[in-house]
Amino acid sequence: MLELRNVVCRYGKVNALNDVSLTVEQGELVTIIGANGAGKSTTLKAISGLLNPAEGSIRFMGQDISKASAQQIISMGISHCPEGRRVFPQMTVHENLELGAYVCKDRGAVAGDIEKMYEAFPRLKERREQAAGTLSGGEQQMLAIARALMSRPKLIMFDEPSLGLAPNIVEKTFDIIRKVRESGTTVLMVEQNAFAALDMCDRAYLYESGRMTLQGTGQEMISDPHVRHAYLGG
Ligand SMILES: Nc1ncnc2c1ncn2[C@@H]1O[C@H](COP(=O)(O)OP(=O)(O)O)[C@@H](O)[C@H]1O
Ligand SMILES: [Mg+2]
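Parameters and conventions
- Residues numbered from 1 in each chain as written.
- Chains lettered and ligands numbered in written order.
- Predicted model: local features only at pLDDT ≥ 70, side-chain atom pairs only at ≥ 80, totals over all residues.
- Heavy atoms only, no water.
- Buried < 20%, exposed > 50% of the residue type's maximum accessible area, 1.4 Å probe, protein only.
- Helix = DSSP H or I, 4+ residues; strand = E, 2+ residues; numbered from the N terminus.
- Pairing = 2+ DSSP bridges.
- Right-handed = clockwise from strand over helix to strand, strands pointing away.
- Near = heavy atom within 4 Å.
- Polar contact = N/O pair within 3.5 Å; in protein donor to acceptor, adjacent residues only side chain to side chain.
- Areas by Shrake-Rupley, 256 points an atom, 1.4 Å probe, with all protein chains shown as cover.
- Axes fitted to C-alpha atoms, helices over the stretch in contact; angles between N-to-C directions.
- Contact = heavy atoms within 4.5 Å.

Caption draft 1: Region of the structure containing the pairing of strand β7 (residues 155-159). Across the 5 residues that make up β7, a large majority, 5, are buried. Burial along β7 is two-sided: Leu 155, Met 157 and Asp 159 and Ile 156 and Phe 158, pointing in opposite directions, are all buried. Pairing between strand β6 (residues 78-81) and β7: 4 bridges, direction parallel. Opposite Ser 79, over in β7, you have Ile 156 as the bridge partner. Examined bridge by bridge, β7 and strand β8 (residues 186-190) share 5 bridges and lie parallel to one another. Bridge pairing in β8 links Asp 159 to Val 190. In this view, the connection linking β7 to its parallel neighbour β8 by way of helix α7 (residues 167-182) has right-handed handedness.

Right, here's the structure in full:
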């Protein structure tokens, strides 16, 4: 479904991503783990068109998207739930959800999708007229996820979904991500919580200093001595 081949990304003269190749098959939950600054977010930004790779290619469902705009990429079915739960704080919950569907012109379908989100996230329904900025961290994360689902993505990307959330909310957030995948949406997730991510994924990639240094199934990665020592505290 998604294939990155020898991708290099630079900020100015600094290489943030060096020769990264990875794939995501339809229906998979794939995760990228690695320390702060390893290039995980840069990878998601390159896929969603926020950043153009300096070298290499990115293909999605048979098409080269390396030079497509962020807008085109959303229309093709890739949704990006960015780091830090970026909801529009002054807008209501409902308005945030409507904005998530801006690529969809059929207002009736949008209204139906919002109702589905309210069924899945009753908390958001209760708070539908509230400004998003007044929600708790966990509620904002739910809103960010629901908004990313509003474009009806084939592939959804989560950047550090558990960051800064209380432990019980972290569990809930991972449950939601599992459900998204069970509903048939392919998932690419970046997480610092390496154990949780490896435990729930099909396959994983490890990044170190802008390079992909190891890959395997979640269980293979969990039992790898280097991963255990450097990322799982054991
Ligand atoms: N906007 C930016 N300008 C310059 N350097 C950046 C920018 N964003 C990230 N970087 C650098 O690129 C590297 C990879 O960053 P990033 O992809 O955010 O890592 P991660 O998500 O794994 O923590 C880091 O060295 C970081 O400092
Ligand atoms: Mg990051």
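That covers the picture; the talk isn't over yet.
Caption draft 2: Focus on the site of ligand 1. Around ligand 1 sit Tyr 11, Ala 16, Ala 35, Asn 36, Gly 37, Ala 38, Gly 39, Lys 40, Ser 41 and Thr 42, and those are all the residues in its vicinity. Take Gly 39: an N or O atom from its main chain is 3.0 Å from an oxygen atom of ligand 1. Contacts to ligand 1 include Thr 42, whose side-chain N or O atom sits 2.5 Å from an oxygen atom. About the coverage of ligand 1: the protein hides 59% of its 560 Å² of free accessible area. Ranked by residue count, the leading element in the shell around ligand 1 is helix α1 (residues 40-47), at 3 residues.

Caption draft 3: Examining the sheet that holds β7 more closely. Taken in spatial order, the 6 strands of this open sheet run β6-β7-β8-β3-β9-β10, and their pairing is mixed. Each edge of the sheet is formed by a strand with only one pairing partner; in this case those strands are β6 and β10 (211-217). Ignoring which end each strand starts from, the neighbouring axes of this sheet average 15 degrees apart. Across the face of the sheet, helix α6 (residues 137-149) comes into contact with β6 and β7 while running at roughly 170 degrees to β6. Running at roughly 150 degrees to β8, α7 makes contact with β3 (29-34), β7 and β8 of the sheet.

Caption draft 4: Spatial organisation of α1. Of all 8 residues making up α1, 7 are buried, and the element is well covered by its neighbours. Every buried residue of α1 is listed here: Lys 40, Ser 41, Thr 42, Thr 43, Leu 44, Ala 46 and Ile 47. Directly after α1, the chain includes Gly 49, whose backbone phi takes a positive value near 85 degrees.

Caption draft 5: Main features of the side chain of His 94. Tracing the backbone through its elements, the reader meets His 94 in helix α3 (residues 93-100). The residues contacting His 94, other than those within four sequence positions of it, are Ile 114, Tyr 118 and Arg 128.

Caption draft 6: Region of interest: the pairing of strand β1 (residues 2-11). When β1 meets strand β2 (residues 14-24), the two strands line up antiparallel, connected through 7 bridges. Residue Cys 9 lies in a different strand from β2, and its bridge partner there is Leu 17. Between β1 and β2, which pair antiparallel and follow one another directly, the connecting turn spans 2 residues, one of which, Gly 12, has a positive phi of 60 degrees. In the sheet, β1 pairs with strand β4 (residues 55-60) via 5 bridges, with the strands oriented antiparallel.

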